[in-house]
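Take a look at the letters that make up each chain.
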Amino acid sequence: MTTILEMRNITKTFPGVKALDNVSMKVEAGEIHALVGENGAGKSTLMKVLSGVYPHGSYDGEIRFEGDECKFAGISDSEKRGIIIIHQELALVPLLSIAENIFLGNERASGGVIDWGETFGRTRELLAKVGLKEAPQTRITDLGLGKQQLVEIAKALSKEVKLLILDEPTSSLNETDSQALLDLLLEFKARGISSILISHKLNEIGRVADAITVLRDGSSVSTLDCRANTIEEGDIIRDMVGRSMTDRFPPRDPKIGEVMFEVRNWTAHHPLHSDRKVVDNVSFNVRKGEVVGIAGLMGAGRTELAMSVFGRSYGVGISGEVLVNGQPVDVSTVGRAIDNGICYVTEDRKTYGLVLDETIRRNIPLANLDGISNGIVVDDHRELAVARDYRDRLRIKSSSVAQEAVNLSGGNQQKVVLAKWLFAEPDVLILDEPTRGIDVGAKYEIYAIIAELAASGRAVVVISSEMPELLGVSDRIYVMNEGRFVGELPAADASQEKIMSMIIRSGHRN
Ligand SMILES: Nc1ncnc2c1ncn2[C@@H]1O[C@H](COP(=O)(O)OP(=O)(O)OP(=O)(O)O)[C@@H](O)[C@H]1O
Ligand SMILES: [Mg+2]
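Residues numbered from 1 in each chain as written. Chains lettered and ligands numbered in written order. Predicted model: local features only at pLDDT ≥ 70, side-chain atom pairs only at ≥ 80, totals over all residues. Heavy atoms only, no water.

**Concerning the site of ligand 1**
Near ligand 1 you find 21 residues, and of these G40, K43, T45, S409 and G411 are the closest. A distance of 2.9 Å separates an oxygen atom of ligand 1 from a polar side-chain atom of N39. One of the backbone nitrogen or oxygen atoms of G42 is found 2.9 Å away from an oxygen atom of ligand 1. Those elements that place two or more of their residues in the shell around ligand 1 are β2 (17-28), α1 (43-50) and α14 (410-423). Considering each element in turn, the shell around ligand 1 owes the most residues, three residues, to α1. Residue-level mapping places the shell around ligand 1 at the junction of two domains, with at least three residues from each of domain 1 (3-241) and domain 3 (355-425). (Near = heavy atom within 4 Å. Polar contact = N/O pair within 3.5 Å; in protein donor to acceptor, adjacent residues only side chain to side chain. Helix = DSSP H or I, 4+ residues; strand = E, 2+ residues; numbered from the N terminus. Domains from an automatic or database assignment.)

Encoded structure:
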């Protein structure tokens, strides 16, 4: 084996935080190397050091790539060496097309004129490699997060890649698409391309990784060799969190009451193609104290359903009725939905959940300013107390509650979004991919909060692409496909196979 990359004794500090403390890591040529650790452990920071996002001089330690010491001044330097990083927060320009995004800064042009024929042709080839059938002209904003991820990878392939770094590439993908992406990595490996894969999904790591480096609190604690030994998930978890974890889900004793939340005959149309029904005559209910899961494949319409109900945040031509405690309520704006006790925690924290340049303490009360005011003005002491309380309960890793959201690790940003909606104390809470990008230990905490919310008499709806998660947290599961509800079953009777067969039997309309 030849070593392609060696990072030695990397130390990186931010004001008040030592994000990396003497971290070392070695990647062999042609391997898939997983990088794991809890939220805030330093994974993304290490990869930003490697790719020159944090330039040489802003950290201590040494980077050697293909035997040469590298002192990257910026990301273009690392790209020239064939190190390509795909960040945790995707960086595509929403209003531009797929093709424009792929060749941004690297335009196919002759004599100053963009050669669209070549651009589209090349784009089609690259999209085919990642299994996307979209037209090159499609705008990014019209793609779901999962497909955007694939566009990022296609973009990486447009450059000469030797080492591909993927920071949580599958966190927004469903099972099938995740599998496809991992197969893609295996294919790259067969072609001699090395990759570093950051993921919280330990089952995928088990499937593809040749070696695993574990970070804990900014230090490298171990490197596990999957070629020589069988690595159990439990081994990885123990190194990550510093203790063993026996249960993935907290125990529950549901006390389910009357119907508390009901949606009747809900229909919503696509905002750009107003003849297309994205949500088609959906009816469902949630009882007091109940956790209801909504299963479905990516594109089934689950997020669109939740968002259109939550203050018409999505779609046009919306019709149907929403009832809370048997009374029809007005959900025509986000403010009215919140006033009627309905909250929606989004999967896309960057766009809908957080004010990134504000501090943790200012973000948490945003959906319930009354909760921190004395009737007229904001009570600073109360604001601070609330923020600290949620930071402790959700174990949000930060230097203080005065830290800006933009500087938090991805998983910790997600926890702040969750804290914000918990503090709003809704009767009905709709959680859309609540553990996306959350580490195993913190997932447990979030499941415990969901259980607590239900136990305190709330109605909780969970949308998740991770079936084991849905099966683990829900009391009852609805199955959605192509905009319609195609099945319903008690979680006790549900299994991944049953849910999949309901989806398949319901068929495809197009
Ligand atoms: N620009 C910054 N300014 C201040 N602190 C930062 C900055 N970037 C990261 N940090 C801090 O450094 C630590 C490591 O963050 P990093 O994003 O590397 O974690 P991570 O392992 O990628 O976590 P996650 O799994 O949640 O994505 C965290 O405590 C984070 O708050
Ligand atoms: Mg990260």
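The rest of the description comes next.
**Comments concerning the domain arrangement of the chain**
Each assigned domain of the chain is listed here: domain 1 (3-241), domain 2 (247-341 + 427-510) and domain 3 (355-425). The C-alpha centroid of domain 2 is placed 32 Å from the C-alpha centroid of domain 1. In this assembly, 20 residues from domain 1 lie in contact with 13 residues from domain 2. When the two sides are added together, the surface that domain 1 and domain 2 hide from each other amounts to roughly 1400 Å², 51% of it contributed by carbon and sulfur. For E233, the salt bridge is made with R248, and the minimal N-O distance between the two is 2.8 Å. Taken together, the links from domain 1 to domain 2 amount to four residue pairs in polar contact (both at pLDDT 80 or more). Where the side of domain 1 that touches domain 2 is concerned, the elements lending two or more residues are α5 (145-157), α6 (175-190) and α8 (233-241). Counted by class, the side of domain 1 that touches domain 2 contains four nonpolar, seven polar and nine charged residues. (Contact = heavy atoms within 4.5 Å. Buried area = accessible area lost by both parts, 1.4 Å probe. Salt bridge = Lys/Arg side-chain N within 4 Å of Asp/Glu carboxyl O. Nonpolar A, V, L, I, M, F, W, Y, C, P; charged D, E, K, R; others polar.)

**Some thoughts on the packing of α5 against α6**
Contact geometry of α5 with α6 gives a least axis separation of 12 Å together with a crossing angle of 15 degrees. It follows from the interaxial angle that α5 and α6 lie roughly parallel. Relative to α6, α5 is oriented so that their crossing is left-handed. From α5, Q149, L150, I153 and L157 reach across to α6, where they touch L181, L184 and F188. (Axes fitted to C-alpha atoms, helices over the stretch in contact; angles between N-to-C directions. Parallel < 35°, antiparallel > 145°, perpendicular 65-115°, else oblique. Left-handed = near helix turned anticlockwise from the far one by under 90°.)

**Side note on the nonpolar core**
Proteins that are soluble and globular tend to have nonpolar side chains buried together. Counting 83 residues, the largest nonpolar core has F261, F284, L305 and I342 as the members making the most contacts within it. Shared between two domains, this core takes at least three residues from each, and those domains are domain 2 (247-341 + 427-510) and domain 3 (355-425). I98, V130, L173 and L185 belong to the second largest nonpolar core, which has 31 residues in total. (Core = buried A, V, L, I, M, F, W, Y, C linked by side-chain atoms within 4.5 Å. Buried < 20%, exposed > 50% of the residue type's maximum accessible area, 1.4 Å probe, protein only.)

**Points about the environment of L369**
Relative to the assigned elements, L369 resides in the loop between α12 (360-363) and α13 (380-393). Considering only alpha carbons, one finds L369 and A424, 55 residues apart in sequence, at a separation of 8.6 Å.

**Brief notes about the layout of surface pockets**
Approximately 840 Å³ is the volume attributed to the second largest pocket. Counting residues per element, the ones that place at least two in the lining of the second largest pocket are β2, α1 and α14. A domain split of the lining of the second largest pocket shows at least three residues from each of domain 1 (3-241) and domain 3 (355-425). (1 Å grid on protein atoms, 1.4 Å probe; cavity = no way out; pocket = protein on both sides within 12 Å on 5 of 7 lines; lining within 4 Å. Points joined across faces, edges and corners; volume = space filled by probe spheres on them.)

**Thoughts on the sheet that holds strand β16 (residues 316-324)**
The strand order across the open sheet built from four strands is β14-β13-β16-β17, with neighbouring strands paired in antiparallel fashion. Each edge of the sheet is formed by a strand with only one pairing partner; in this case those strands are β14 (277-287) and β17 (327-328). Bridge analysis of β16 against β17 gives two bridges, and the strand direction is antiparallel. Its bridge partner being in β17, V324 is matched across the sheet by Q327. Along the sheet, helix α9 (residues 302-309) contacts β13 (259-269), β14 and β16; its crossing angle with β13, the most-contacted strand, is approximately 110 degrees. (Pairing = 2+ DSSP bridges.)

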